[in-house]
Amino acid sequence: MPSAASRHLLFILAPLVAVFALLPGVYQNHLLLFNFVIFLILAQGVNIIYGFTGYLPFGYVGFFGAGAYGFAIMVMHLQWPAVLAVLVGGVVAVLLGLLLTPLLRLSGAYFAIANLAASLAVLHFVANPALEGITKGPYGVSLTGTFNPTHAYYAAVVVMGLTVAAVVYLKNSAFGLALQAVREDAVSASMAGVNVVKMRVIAWLASALIAGLAGGIYAWYVSVFYPDNVFSGEFSIFAIVFALFGGVATITGPIVGVIILYGIYNLIGFTTPQYFQLIYGLLIMGLVLFLPAGLVSLATRRGWNVP
Amino acid sequence: MTYALVAGVLFGLYFSLVGIGLNLVFGVMRIVNLAHGDMLMLGAFIALGVVGIAGIDPLFAVPLAFVVFLLAGLLLYWVLVPRLQGSANPEMLSIILFFGLSQVIEAVTTIFAGTSERSIQSRLLGSVFTTIKVKWFGGKAGGAGPIQILGQGFPAPWVIAAVTSLIVIALVYLYLYHTRLGTLTRAVMSRRDEALATGIDVDRVSAAAFGIGLGIAAVAGVFAPFMFGSITPAFGADATVTSFAIVVLGSLGNPLGTALGGIVYGLCYMLVQTYLSSWADLLPYVLLIVILLLRPSGLLGRRVRVA
């Protein structure tokens, strides 16, 4: 009997990566597949910070945009190769995460609002015309030199694999259990010998790193973008809603959430955005009112164990 | 300098009006109303309707907006809040629930009104006063010119909005400290459980606070086309963040602190816009983060909510 972790790796991670690695061969809409992978990464990133520690990252896109601009600056000014620049994007996001660690002192709604404000502050900082020499300000960047959607897509699949592996680790390790204990009751957890601050900071930086890598790869893939694109609040909101819809603090929840909701989005979203926005808003409200623990709660309520 | 200071105070009073409804709702119910900005936007559309259909002074929209949104708030409260309060983590889920609501409102408004910017001629506001003056005291008809304060001319709508804000803040104070329902409201604010245990009808008190909060937001919205120049259905999201900055500045959960927060915000806003205009966009967010980190309870708050 293999351990739970290896079963999760074998039956969830491996098929997921295999499917997304093979799909471009049979399905033509490459951009759509890429967006699916990006949202899988972001939803799992939200899962790590919200699902396991209870901090709602309402400005999660700040890390994503920071990663994208980290990538862009390395490519524009230093002509670094794309893969290294993506790693720099991750590092930039981690640095931003470090800068924002004091926010973890806040709780509940205060953290969510402060995080939202932080992401908007980074957006206005990057988009400031006074910094045109470095970030090109509000006029956007164009990185035709590194443009290579195929490589960027596989890089995204790799990052997705690593992210899901990180969630599998959290789900099956003492570390993940300690995080959830901190989420439920920080005082009791610290009395049981858990280093609360260190735990939270590690989860926070891990989720920042994930979003930063995703942002770097996104910049690599689209190659032309504006601050408003990569700092769009939709990334935070979508990632949070997808993760919640499936069910947080599980491995499969965010995956199911992305595939169902982003699938619906692409079926009805493009032609009439305002009707989509209406349906989406109603869906979110219905979710909170009737299924606050996500789709997986339908199964857990019946006593089934959902990884 | 004098101009910036006086304009700051005028705008600050208006900003207090913008924030106070949000704060009332949070203080009483611990619910984060992310649809607050959309209530403002709808209030502005009521003003547009009053001017467009009846062709009278938009000031008449103030009582209309208040009553309509008071009733809408009561209805909304009974539909949404009891279910929300029954869930595991109402404060977090309220953020997502009301985000969904704001999406619905924005989508419906877009479907009916389109995305174009709308504005109202600023001389229409306050035309009722000029008419009365002409009828009773004679003199020539015509739009009110700029109003002189400390030797500087300010647009009449700014002054009218500031005066209305003062009146509304005074009324909120009277409500909270000199009526029975207000006293009960303060009891629920300080300790919800104990209020429930003493036999206070918490649901009734909260519903009243929710309705009044939305009503005040709509009243603030009536003036939005004059203070910000024009209005679109997408105005709501920015207004929400600004309101949060103001509310947190004053102290979350203390409606009268909001008056102070609004004035501080208004002064900073005007000073930064006068001296450092390209960085003015950053101000609300940076101010919000700094205040949250240095004094999470706000300028007037007690230390209550640090993790």
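Residues numbered from 1 in each chain as written. Chains lettered and ligands numbered in written order. Predicted model: local features only at pLDDT ≥ 70, side-chain atom pairs only at ≥ 80, totals over all residues. Heavy atoms only, no water.

A.B. asks: Looking at this structure, I do not really get the interface of chain B and chain A. What am I missing?
C.D. replies: The figure often quoted for interface size is the accessible area lost as the parts come together. Each side of the interface is counted separately: chain B has 40 residues, and chain A has 41 residues. Carbon and sulfur atoms supply 79% of the area buried between chain B and chain A, which totals about 3,900 Å² over both sides. Counting the surface chain B buries against chain A, the share from its top three residues, M92(B), I96(B) and L293(B), is 16%. Inspection of the chain B/chain A interface yields zero salt bridges. Summed over the shared surface of chain B and chain A, the number is one residue pair in polar contact (both at pLDDT 80 or more). Of all the secondary-structure elements, those providing two or more residues to the side of chain B that touches chain A are helix 3 (61-85), helix 4 (90-113), helix 10 (235-250) and helix 12 (283-294) of chain B. Considering each element in turn, the side of chain B that touches chain A owes the most residues, 16 residues, to helix 4 of chain B. Looking at the side of chain B that touches chain A residue by residue, the classes come out as 30 nonpolar, five polar and five charged. (Contact = heavy atoms within 4.5 Å. Buried area = accessible area lost by both parts, 1.4 Å probe. Salt bridge = Lys/Arg side-chain N within 4 Å of Asp/Glu carboxyl O. Polar contact = N/O pair within 3.5 Å; in protein donor to acceptor, adjacent residues only side chain to side chain. Helix = DSSP H or I, 4+ residues; strand = E, 2+ residues; numbered from the N terminus. Nonpolar A, V, L, I, M, F, W, Y, C, P; charged D, E, K, R; others polar.)

A.B. asks: Explain the confidence of the model for chain B here, please?
C.D. replies: A low pLDDT score tells you not to read the predicted coordinates there in detail. Residue and element names in this part refer to chain B. Residues with a pLDDT of 70 or more make up 81% of chain B, whose mean pLDDT is 78. Mean pLDDT across the secondary structure elements of chain B bottoms out at helix 5 (residues 127-137), with 61, and peaks at helix 9 (residues 202-228), with 87. Note on residues 302-307: pLDDT is under 50 here. Beyond four places in sequence and across chains, it has 15 contacts. Interface scoring of the predicted complex returns ipTM 0.74; its pTM is 0.80. (pLDDT = per-residue confidence, 0-100.)

A.B. asks: It is not clear to me how the packing of helix 7 (residues 180-190) of chain B against helix 9 of chain B should be interpreted in this structure. Could you clarify?
C.D. replies: Think of two packed helices as two axes; the pair is described by the angle between the axes and how far apart they sit. Residues and elements named next belong to chain B. One way to put it is that helix 7 packs onto helix 9 with a least axis distance of 10 Å and a crossing angle of 105°. Regarding the angle of helix 7 to helix 9, the classification is roughly perpendicular. Packed against helix 7, whose contacting residues are L181, L184, T185 and V188, the element helix 9 presents V202, R204, V205, S206, A208 and A209 at the interface. Here the residues of the contact of helix 7 with helix 9 sort into seven nonpolar, two polar and one charged. (Axes fitted to C-alpha atoms, helices over the stretch in contact; angles between N-to-C directions. Parallel < 35°, antiparallel > 145°, perpendicular 65-115°, else oblique.)

A.B. asks: Is there a simple way to explain the pattern of salt bridges in this structure?
C.D. replies: Pairing is possible between side chains of opposite charge, provided their charged atoms come close. All names here are of chain A. Enumeration according to the criterion identifies one salt bridge over all chains in this entry. Among the ionic pairs, E184 bridges to R183, the shortest N-O distance being 3.0 Å. For E184, a relative accessible area of 58% puts it in the exposed group. (Buried < 20%, exposed > 50% of the residue type's maximum accessible area, 1.4 Å probe, protein only.)

A.B. asks: Can you walk me through unusual backbone geometry in this structure?
C.D. replies: With the exception of glycine, the majority of residues adopt a negative phi angle, and the majority of peptide bonds are in the trans configuration. All names here are of chain A. Backbone geometry at Q79 places phi at a positive 50°, although glycine is not the residue there. On the secondary structure map, Q79 appears in the loop between helix 3 (61-78) and helix 4 (82-99). Residue class for Q79 comes out exposed when judged on its relative accessible area of 59%. The phi angle at S223 is positive, at roughly 65°, despite the residue not being glycine.

A.B. asks: Just checking my understanding: could you explain the nonpolar core for this structure?
C.D. replies: Side chains of nonpolar character tend, in soluble globular proteins, to be buried together. If you look at the biggest cluster of nonpolar residues, it comprises 221 residues, and the most contacted ones within it are F20(A), L42(A) and Y14(B). Element by element, the count of residues in this core is highest for helix 9 of chain B, at 17 residues. Residue contacts for L42(A): discarding those within four places in its chain leaves Y60(A), F64(A), A211(A), A214(A), F235(A) and A239(A). (Core = buried A, V, L, I, M, F, W, Y, C linked by side-chain atoms within 4.5 Å.)

A.B. asks: I would appreciate a short explanation of the side chain of R200(A) in the present structure.
C.D. replies: Inspection of the secondary structure assignment puts R200(A) in helix 10 (residues 196-222). An unpaired buried charge is present at R200(A): no salt bridge exists, and D185(A), the closest side chain of opposite charge, is 8.5 Å distant. (Lys, Arg positive; Asp, Glu negative; His and termini not counted.)

A.B. asks: What is the right way to look at helix 9 of chain B in this model?
C.D. replies: Think of an α-helix as 3.6 residues a turn; residues three or four steps apart then line up on the same face. All names here are of chain B. With 27 residues, helix 9 extends 37 Å between its outermost C-alpha atoms, agreeing within 8% with the 39 Å of an ideal straight helix rising 1.5 Å per residue. At V222, helix 9 shows its largest kink, close to 35°, and the proline P225 lies no more than four residues downstream. Burial of helix 9 is extensive: 24 of the 27 residues sit out of reach of the surface. At the exit of helix 9 stands G229, carrying a positive phi of roughly 95°. (Expected span 1.5 Å × (residues − 1). Bend = angle between axes of the 7 residues up to and from the residue.)

A.B. asks: Hey, could you run me through the environment of G211(B) in this one?
C.D. replies: Residue and element names in this part refer to chain B. Looking at the element boundaries, G211 is found in helix 9. Residue class for G211 comes out buried when judged on its relative accessible area of 0%. Put simply, G211 and R192 are 19 residues apart on the chain and 18 Å apart in space, counted from C-alpha to C-alpha.

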